[in-house]
Amino acid sequence: MHAKRMNWIDPSPTVGIANKVAELKAKGEDIVSFSVGEPDFDTPKHIVDAAKEGLDKGMTHYAPSNGIPEFREAIAEKHLLDNNIPCDAKHVIVAPCKHTIFMTCLAMLEEGDEVLIQDPAWVSYEACVAITGASPIFVDTREHDFHFKPEAIAEAVTPKTKMLILNTPSNPTGIVMSKQELRGIADLAQDHDFYILADEIYEKIIYDGIHHSIASFPELFERTITVNGLSKAYAMTGWRIGWLVAPLDIQKQVAKIQQHSITCIPPFAQHAGIRALTGPVGPVNDMVEEFRARRDLMTKLLNELDTFEVEKPEGAFYLFPKFNSDKSDFDFVEYLLEETRVVVTPGSAFGPSCDKYVRFSYAASRERIKEGIERISVENHEDVLKPPV
Ligand SMILES: Cc1ncc(COP(=O)(O)O)c(C=O)c1O
C-alpha cells in the first residue's frame, strides 16, 4: 500500500493533457494545442553551441551539488544587477525550477502549517505544499483582476500561516504585480512572520508592466526564497535548468535534499546556462516581441468570438478567459477537443474558484492561433457556446 501522503495529491492535469495530445498527434490527428506551457522556439544557437563545447571539454561527470561556481556566480550577479536582490553565489542552488519549489516546501513545511496561494495559480504549488502535510489555502483573486492583493491576503492570514507563494508574472493569468502591491505583501510577511516563495520564472516575458522582486526590499531577503530559471525566457524547458536564491539558513537545508536526491545538474548544461545569462540578449527580446504579437492577436480574436471575455495581460504567454456555457470547464475542454481538435486547459486545474475559465497558451504560431480560434467560432457551436453574461 502506498503512503498516505500520496492521497493528498493528484496527477498533474497539464501533464495529463499533454500526454493525451501527444497520443492523438501520433495517430496523425491535426490538433491545435493551446495547452502547452513551453515556448515553441528553438533554444538560441549560442547556448546550444556552449553545451556542445561543454561536452567536448568532458563536462560529463558529477558537478558540485549546488551548481558549478561560475554559474552560481553568474546567477547571483544577475539577481543583484537585474533584480536588486542583495545576494551572492553562496545563496544559490542550481536545480530545475519545479524541483527548487518542491525542495523548498519539503525543507520548510510540515503538518499544521498553512500556505497562502493565489487562486488561480500554477497547479504544482498545491501539490508541492500538500505532499508535505501542510495545508494550501487559496485566496480568490477574481475580484481584483487576478492580482494577489494585500487586503485579501490579510483576511486569510492566521497564526498557522508559514509561507505565501507569489508568482509574478503569473501562470495562468499573465498579471504582473505592482511594486506597491508587493510592498503590502512584504509588510504582512513582516508583521505576521511568514516566508515568501517568489516564483519569477516568467520575469523576462513581460510586455507592459515592470517586474519587481519582493526579495529586493532589504528586510525581505531573510524571509524570501526566489526561484527562477531558463525554461521560459530562453526556450529551454527540456534542459531542466533553474535555481533558487535563499537566505543561508534555508539554502543549507535545501542543499541537503539536493545532495540526497538529484545530486546535481549536468555540468555541460550548466556551462550552457552561463552562456545564456552572459551572452547576447537579442534572441530573448525577439521571442518576447513575437509573444507580444501573438498575445494581441489571440486577445482580439477571442474577444470577437463572443463567448469569451478576456483582458490583455501584461506578461507570461497565457490568456485566462471566462467562458459562457452550461458545461463545466472539464466538459467544455473535452467538448473542444472532441469536436474541434483544439486543446485548452480547464480553469479549475489552477484553483477552486475558476471552473468557468479556461487557459489558452499562445506559445503557438500566429497561423495556428488563427486556425484554432476559427475552429471554435460560435457559429459552429451555438448549442454549447453562449455570449458572455
Ligand atoms: C509558474 C511556473 N513555475 C515553475 C514552472 C516550472 O518550470 P521548470 O519547467 O523550469 O521546472 C512552471 C512551468 O510551467 C511554471 O509555469
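Note that this is a predicted model, so its numbers are computed, not measured.

(A) A look at the packing of aromatic side chains. Enumeration over the complete set of coordinates arrives at 16 aromatic pairs. Summarising the aromatic geometry, the rings of Phe-146 and Tyr-357 are spaced 5.7 Å apart at their centres and angled 75° between planes, so their arrangement reads as edge-to-face. With Phe-146 in the loop between strand 4 (135-140) and helix 6 (150-156) and Tyr-357 in the loop between strand 13 (345-346) and strand 14 (358-361), the pair connects residues that are 211 residues apart, well separated along the chain. In terms of burial, Phe-146 and Tyr-357 fall into one category: buried. Ring plane angle 5° and centroid distance 5.3 Å describe the contact between Phe-320 and Tyr-357, whose orientation is recorded as stacked. With Phe-320 in the loop between strand 10 (318-319) and strand 11 (322-323) and Tyr-357 in the loop between strand 13 and strand 14, the pair connects residues that are 37 residues apart, well separated along the chain. Three or more aromatic residues joined by ring pairs make a cluster, and in this case those are Phe-41, Tyr-202, Phe-291, Phe-317, Tyr-318 and Tyr-362. Against the face of Phe-217 rests Arg-183, its NZ or CZ located 4.5 Å from the ring centre.

(B) Unusual backbone geometry, seen in detail. The amide bond that connects Asp-119 to the next residue, Pro-120, takes the cis arrangement and shows omega of 10°. Here Pro-120 is to be found in the loop between strand 3 (114-119) and helix 5 (124-130). Put simply, Thr-168 and Pro-169 share a cis peptide bond, and its omega is -15°. Along the polypeptide, Pro-169 turns up in the loop between strand 5 (161-167) and helix 7 (179-192). Unlike most non-glycine residues, Phe-146 shows phi in positive territory, near 70°. The class for Phe-146 is buried, based on a relative accessible area of 15%.

(C) Spatial organisation of the site of the ligand. The local shell around the ligand consists of Cys-97, Lys-98, Trp-122, Tyr-125, Asn-167, Asn-171, Asp-199, Ile-201, Tyr-202, Ser-231, Lys-232 and Arg-240. Measuring from an oxygen atom of the ligand, one finds a backbone N or O atom of Lys-98 at 2.8 Å. Between the ligand and Tyr-202, the relevant distance is 2.8 Å, taken from an oxygen atom to a side-chain nitrogen or oxygen of the residue. In isolation the ligand exposes 400 Å². Once the protein is present, 92% of that is buried. Looking at the shell around the ligand residue by residue, the classes come out as five nonpolar, three polar and four charged.

Conventions used here
- Residues numbered from 1 in each chain as written.
- Predicted model: local features only at pLDDT ≥ 70, side-chain atom pairs only at ≥ 80, totals over all residues.
- Heavy atoms only, no water.
- Phe/Tyr/Trp six-rings, centres within 6.5 Å; stacked < 30°, edge-to-face > 60°.
- Helix = DSSP H or I, 4+ residues; strand = E, 2+ residues; numbered from the N terminus.
- Buried < 20%, exposed > 50% of the residue type's maximum accessible area, 1.4 Å probe, protein only.
- Lys NZ or Arg CZ within 6 Å of the ring centre and 35° of its normal.
- Near = heavy atom within 4 Å.
- Polar contact = N/O pair within 3.5 Å; in protein donor to acceptor, adjacent residues only side chain to side chain.
- Areas by Shrake-Rupley, 256 points an atom, 1.4 Å probe, with all protein chains shown as cover.
- Nonpolar A, V, L, I, M, F, W, Y, C, P; charged D, E, K, R; others polar.

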